[in-house]
Amino acid sequence: MATLLPHVNSVKEKALQTFAEKFGEQAAVCVYAPGRVNLIGEHTDYNDGFVLPMALPMVTVIVGKSHDGKKTRILSLSDVVGDINEFEFEAGSRADIKPGEPKWANYIKGCIANFICDVPAFNAVIVSTVPAGAGLSSSAALEVATYTFLETLSGKKPEKPELKALACQKAEHDFAGVPCGIMDQFISTMGKEGYALLLDCRDFITKQIPMLHLDNYVFLITDSNTPHKLSSSAYCERRDCCYEAAKILGKKSLRDANMNDILALISQNASESIVKKARHVVTEIQRTVNAAMALEKSDFQQFGRLMNESHDSLRDDYEVSSKELDSLVSAAREMDGVLGSRLTGAGFGGCTVTLLRKDAVDKTIQHMKAKYSGTPTFYIATPSGGAREIS
Ligand code: NG1
Ligand code: MG
């Protein structure tokens, strides 16, 4: 059986109750932002390419209230925060905020520092059901929830939603030290119930792709429960390879490259590693566009084939899979009713996503559990809404 996720309302109730116990009054603001699963378009966002994620029913909820004092105080009930689950700092000019310890607080501080105006001191409680380190964007959920909280608290919003996503990405770059692409913050901001989001990371043009006709099919997320080992250094290495390939080709980014350029890299004696990384990006961008068209036509067979090709390219060319992810993907593909399966997120651990017939879910889960050496967790990914205030 897939794990049942608590409803947003029960997460909210827990946060409100904790706030009342901790701060001795009722919270006035209540918001949430979702995690995401990327259906296809991996390691393309920082190459100005296309991605096709959808928002998940897993959410980060923040409740709180502003006050006249000087200190902002935050309590997180998330199990990843470690021993220090509370922190406080002097509210004031957002230009004075600097990253520090505890690390998890940097995502919040970064959003306050990158908000459109200074905000008053506040108390807040955070509760999240997005698993951390699983490639489901717990960090973006925390950033976008924080930004949404600040919008509600101050009554001010940036002119366009993309400015919100960009401010949250900047928080992750500057305060958490993670040079991530723009996908996660975008989908957490702009997700729409029943839709996947085709995002062009070059110019931020978006298209909501309806998934209302999935009918007999579902996306199944499988958490390998192996953390993204190696991921930050390997992520930077891959990114640098892509930038190097674009530079050799005299292009702004690999978005402007095609298969002839891959041949050009070979004839210019680029290293094998650079050629393979560039080939993944060029083929993955095309697969993502094709997959969005297949989804629009409800051609799930084709969508599944493209998912399989994506995984194989991430494994063989981009070299970001792991034996755990490969084994989950192979086990899924052995089952009748499975149309496609691939790793999702940065790789090296985290989750896979599988497109399959609804009536094949239970058997597929059993088979994957039997074949896998570790203990996986399964979730049904229903396309959910983006960040918002909850009344
Ligand atoms: P995850 O799966 O959250 O580590 C990372 C990047 C994305 C994107 C994907 C690969 C972060 C926070 N996010 O996702 O921007 O590049 O890898 O497609 O690093
Ligand atoms: Mg992350």
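Keep in mind that this is a model prediction, so the values were computed, not measured. (Residues numbered from 1 in each chain as written. Chains lettered and ligands numbered in written order. Predicted model: local features only at pLDDT ≥ 70, side-chain atom pairs only at ≥ 80, totals over all residues. Heavy atoms only, no water.)

Draft legend 1. Representation of the sheet that holds strand β8 (residues 217-223) within the structure. Strand order across the open sheet formed by 4 strands is β9-β10-β8-β11, with antiparallel pairing between neighbours. Both outer strands of the open sheet, β9 (338-344) and β11 (377-381), are each paired with one neighbouring strand and no more. Pairs of neighbouring strands in the sheet enclose a mean axial angle of 25°, with direction left out of account. In terms of strand pairing, β8 meets β11 through 5 bridges, oriented antiparallel. Pairing of T222 across the sheet is with F378, part of β11. (Pairing = 2+ DSSP bridges. Helix = DSSP H or I, 4+ residues; strand = E, 2+ residues; numbered from the N terminus. Axes fitted to C-alpha atoms, helices over the stretch in contact; angles between N-to-C directions.)

Draft legend 2. Representation of the packing of aromatic side chains. Per the counting criterion, the structure on display carries 9 aromatic pairs. Relative to Y235, the ring of Y46 lies with its centre 5.3 Å away and its plane at 65°, an arrangement referred to as edge-to-face. Linking Y46 in the loop between β1 (29-40) and β2 (50-66) with Y235 in helix α6 (residues 231-249), this pair joins segments that are 189 residues apart in sequence. Overall, the relative accessible area of 8% leaves Y46 in the buried class. Among the residues examined, Y235 registers a relative accessible area of 14% and is labelled buried. Aromatic pair F87 and F89: ring centres 5.6 Å apart, planes at 10°, arrangement stacked. Both residues of the pair, F87 and F89, count as buried. (Phe/Tyr/Trp six-rings, centres within 6.5 Å; stacked < 30°, edge-to-face > 60°. Buried < 20%, exposed > 50% of the residue type's maximum accessible area, 1.4 Å probe, protein only.)

Draft legend 3. Examining the packing of helix α2 (residues 105-113) against helix α4 (residues 161-175) more closely. Running from N to C, α2 and α4 cross one another at 125°; their axes reach a closest spacing of 8 Å. The orientation of α2 with respect to α4, classified from their angle, is oblique. Handedness of the crossing formed by α2 with α4: right-handed. Listed contacts from α4 to N106, Y107, K109, G110, C111 and A113 of α2 are C168, A171, E172 and F175. Residue composition of the contact of α2 with α4, by class: 6 nonpolar, 2 polar and 2 charged. (Parallel < 35°, antiparallel > 145°, perpendicular 65-115°, else oblique. Left-handed = near helix turned anticlockwise from the far one by under 90°. Contact = heavy atoms within 4.5 Å. Nonpolar A, V, L, I, M, F, W, Y, C, P; charged D, E, K, R; others polar.)

Draft legend 4. Representation of the UniProt feature "domain: GHMP kinase C-terminal" (unreviewed entry) in the chain in the model. In the numbering adopted here, UniProt assigns the feature "domain: GHMP kinase C-terminal" (unreviewed entry) to residues 294-373. Within residues 294-373, the helical portion is 52% and the strand portion 18%, while the C-alpha atoms at the span's ends are 34 Å from each other. (UniProt positions renumbered as here; feature names shortened; annotations may be inferred.)

Draft legend 5. Highlighting the side chain of T189. Mapping T189 onto the fold places it in helix α5 (residues 183-190). Side-chain polar atoms of T189 contact the backbone oxygen of Q185, separated by 2.7 Å. Leaving out residues up to four positions away in the same chain, T189 has contacts with V144, P161, K164, A165, G386 and A387. (Polar contact = N/O pair within 3.5 Å; in protein donor to acceptor, adjacent residues only side chain to side chain.)

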